[in-house]
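Structural overview
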Amino acid sequence: GDLEMHGRLSRIVGALFSAALLLSLLCPPAGAAQGQAGQVVSVALSQTGYTEGTDEYTKYGQWYGISKGYWCDMFVSWCASEAGVSREIFPYSSSCTAHINLFKKMGHYAVSASRGGTYIPQQGDVIFFYDPTLSPDGARATHVGLVLYTENGYVYTIEGNALPNRLDCSPLLLSSLREDEQEPPDYVTVNHYPLDAVQIHGYG
């Protein structure tokens, strides 16, 4: 009796394993994409606190071939590369505006809520920012990050080349330092914004 019961259980477990294996083989794209999104975000989170060097030097820029310069987009691209995501799935760029155009060519770009969009960003998406007063038509993007998650009407992000949440500097001090072009070094940090924030351009 025990042997017979053990045999039945083994067959049931074997059948369940076979079914799970078959499902994984039949449905790789969604699972793979979801897994890759998580990997990109994990890589990004591991960089929290990384701070630029002299003249905006970063290892992300060095990897991309532009070792000194604005590095928010090179950070995002580096994270995708480190996670093993190919350029065919996640195009790399050093220019936010050019990066948007790459996603548009792939048919994978959605405008933000403030620009009339209805898309809810997902983990691993690329979030693009712009200044609507300087570029009301949205032709020029100025900053980029990765989406961590969306909750209660807010999108949570991780961004490189960022300086908005430094606890060691007051907003007034930051403004004056930016005007004098003597700001503290930018770094990798986590932020959050209302989904309808006017500075969000859209999502790749």
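Just above, that's the structure.
In this text the structure is predicted, and so the values were computed from the model without any measurement.

Note on placement: Asp186 falls in the loop between helix H6 (171–179) and strand S5 (187–194). Separated by 3.1 Å, the side chains of Asp186 and Asn161 make a polar contact.

Turning our attention to the pairing of strand S3 (residues 143–151). Judged from the four bridges that link them, strand S2 (residues 126–129) and S3 form a sheet pairing that is antiparallel. Following the sheet pairing, Val126 is matched in S3 by Leu146. Inspection of the sheet shows S3 paired to strand S4 (residues 154–162) by five bridges, in the antiparallel sense. Looking at S4, one finds that Thr150 is bridged to Val155. Once S3 ends, the chain turns through two residues before running back antiparallel as S4, passing Asn152 with a positive phi of about 50 degrees.

Here we have six strands laid out as an open sheet, ordered S1-S6-S2-S3-S4-S5, and antiparallel in their pairing. Every other strand in the sheet has two partners, leaving strand S1 (110–111) and S5 as the edge strands with one partner each. Of the strand pairs in this sheet, S1 and strand S6 (residues 200–203) are connected by two bridges, and their pairing is antiparallel. Bridge pairing in S6 places Val111 opposite Gly202. Contacts from helix H5 (residues 96–106) reach S2, S3 and S6, with the element oriented near 130 degrees to S2.

It is characteristic of soluble globular proteins that their nonpolar side chains tend to be buried jointly. Counting 29 residues, the largest nonpolar core has Phe75, Cys79, Phe90, Val126, Phe128 and Leu146 as the members making the most contacts within it. Mapped by element, the contributors of at least two residues to this core are helix H2 (28–46), helix H4 (72–82), H5, S2 and S3. Counting residues in hydrophobic clusters, the runner-up holds nine residues, among them Val147, Val155, Tyr193 and Ala197.

How each quantity is defined
- Residues numbered from 1 in each chain as written.
- Predicted model: local features only at pLDDT ≥ 70, side-chain atom pairs only at ≥ 80, totals over all residues.
- Heavy atoms only, no water.
- Helix = DSSP H or I, 4+ residues; strand = E, 2+ residues; numbered from the N terminus.
- Polar contact = N/O pair within 3.5 Å; in protein donor to acceptor, adjacent residues only side chain to side chain.
- Pairing = 2+ DSSP bridges.
- Contact = heavy atoms within 4.5 Å.
- Axes fitted to C-alpha atoms, helices over the stretch in contact; angles between N-to-C directions.
- Core = buried A, V, L, I, M, F, W, Y, C linked by side-chain atoms within 4.5 Å.
- Buried < 20%, exposed > 50% of the residue type's maximum accessible area, 1.4 Å probe, protein only.

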